[in-house]
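A look at the structure
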Amino acid sequence: MALSDEELERYARHIVLREVGGPGQARLRAAKVLVVGAGGLGSPVILYLAAAGVGTIGVVDFDTVSLSNLQRQIAHRTVDIGRAKTDSAADTARAINPGVEIVGHRTRLTPENAASLIGAYDIVADGSDNFDTRFLINDSCYFAKKTLVSAAVTEFDGQLATFKPHAGEYPCYRCIFPEPPPPGTAPSCSETGVLGAAAGVMGTLQALEIIKEITGAGETLAGHLLIYEALSARFRKVRVRPDPACPLCGENPSIRHI
């Protein structure tokens with residue numbers, strides 16, 4: 001379906017990009033992206049995907065907005081305190097672009113619902129804040145053959161990676177981190193703190209990589225880990241290869257289902 005006159009005007013700065021153009025914008029409109037977590041990472045992901053014209057954006061989050069969220073979770077406002085984050089983020093995204101569909105999934109991602117939720121989308125953005133959910137997302141994406149763009153932020157530092165072992169000789173999340181750390185050994189951001197703008201940087205980069213995966217622009221980040229150190233304004237890109245001993249995607253996997 002051709003882009004409307006309104007879409008041609010709204011996305012004009014995309015369409016003039018040789019790497020995107022009209023065909024790339026049409027692919028964005030047809031895409032379905034699931035964002036897990038509407039917090040410090042998920043907020044900029046949701047808003048930039050909406051602004052970019054991604055046709056369907058699913059948002060998984062079970063929490064409500066609190067005052068301490070507002071330092072970094074830019075999809076929510078002071079008046080949204082107490083509201084479901086899925087509702088608040090949806091309202092903000094629709095205010096930016098009423099032409100996209102925002103689907104709220106007010107629930108925890110669990111082994112019981114992960115396959116059905118992830119299976120309904122093309123690409124998954126992991127903006128979660130705990131290791132159990134991260135591993136569940138990775139494993140579910142692997143079995144569903146879905147591309148996963150994952151970001152993490154702690155204090156002043158962030159990491160970003162794209163995982164799509166179904167599309168070539170690329171690693172999965174477990175190739176880097178085989179198992180979750182023991183309970184109680186990984187402090188939360190409420191204990192260590194996190195610079196709000198650092199979360200914004202990583203979430204924005206996450207949205208950018210999703211847009212690249214949809215449009216085919218540039219080079220995929222798959223097979224690499226991007227590390228950002230805010231205090232030194234430094235980025236490092238590390239090559240990551242598939243691990244033959246990976247319990248999920250290795251030669252003798254021990255994980256065969258969720």
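Above this text sits the structure in question.
Residues numbered from 1 in each chain as written. Predicted model: local features only at pLDDT ≥ 70, side-chain atom pairs only at ≥ 80, totals over all residues. Heavy atoms only, no water.

Thoughts on the pattern of salt bridges
Side chains that differ in sign of charge can pair as their charged atoms come close. Counting across every chain of the model gives 13 salt bridges. The salt bridge involving Arg-174 is made with Asp-139; its shortest N-O contact spans 2.8 Å. Here Arg-174, found in helix α8 (residues 173-176), pairs with Asp-139, found in helix α7 (residues 131-144); they are 35 residues apart in sequence, far enough to count as distant. The pair Arg-174 / Asp-139 is uniform in exposure class, with both members buried. Notably, a salt bridge pairs Glu-179 with Arg-174, separated by 3.5 Å at the nearest N-O pair. Each of Arg-77, Asp-80, Arg-83, Asp-91 and Arg-94 takes part in a single network of salt bridges with overlapping partners. (Salt bridge = Lys/Arg side-chain N within 4 Å of Asp/Glu carboxyl O. Helix = DSSP H or I, 4+ residues; strand = E, 2+ residues; numbered from the N terminus. Buried < 20%, exposed > 50% of the residue type's maximum accessible area, 1.4 Å probe, protein only.)

Observations regarding the nonpolar core
Counting residues in hydrophobic clusters, the biggest one holds 40 residues, and the most contacted among them are Leu-49 and Ile-210. Of all elements in the fold, only β1 (32-36), α4 (42-52), β2 (56-60), α5 (85-96), β4 (123-126), β5 (147-154), α10 (196-215) and β7 (224-229) reach the threshold of two or more residues within this core. With 8 residues, α10 is the single largest residue contributor to this core. Membership of the second largest hydrophobic core comes to 20 residues, among which are Val-60, Ala-114, Leu-136 and Val-240. (Core = buried A, V, L, I, M, F, W, Y, C linked by side-chain atoms within 4.5 Å.)

Comments concerning the pairing of β2
Along a regular strand, successive side chains alternate from one face of the sheet to the other. For β2, a buried count of 5 out of 5 residues is recorded, marking the element as mostly surrounded by other parts of the structure. Of the two faces of β2, both are covered, the one formed by Thr-56, Gly-58 and Val-60 as well as the one formed by Ile-57 and Val-59. Here β1 pairs with β2 via 5 bridges, running parallel. Pairing of Val-35 across the sheet is with Val-59, part of β2. In this fold, the crossover linking β1 to β2 by way of α4 has right-handed handedness. Pairing of β2 with strand β3 (residues 101-105), which is carried by 5 bridges, proceeds in the parallel orientation. Looking at β3, one finds that Thr-56 is bridged to Glu-101. Assessed by its sense of winding, the connection that carries the chain from β2 through α5 to β3 is right-handed. (Pairing = 2+ DSSP bridges. Right-handed = clockwise from strand over helix to strand, strands pointing away.)

Observations regarding the sheet that holds β3
Pairing within the open sheet is mixed, and its 8 strands lie in the order β3-β2-β1-β4-β5-β6-β7-β8. Strands at the two margins of the open sheet, each flanked by one partner only, are β3 and β8 (234-239). Strand-to-strand twist in this sheet, taken as the mean axis angle between neighbours without regard to direction, amounts to 15°. One ladder, built from 4 bridges, connects β4 with β5; its direction is parallel. Looking across to β5, one finds that Val-124 is bridged to Leu-148. Those strands touched by α5 are β2 and β3, and its axis lies near 175° from that of β3. Helix-sheet contacts for α10 involve β1, β4, β5, β6 (157-163), β7 and β8, and the interaxial angle to β5 is about 170°. (Axes fitted to C-alpha atoms, helices over the stretch in contact; angles between N-to-C directions. Contact = heavy atoms within 4.5 Å.)

It is worth stressing that arrangement in space is one thing and function is another; only the former is reported here.
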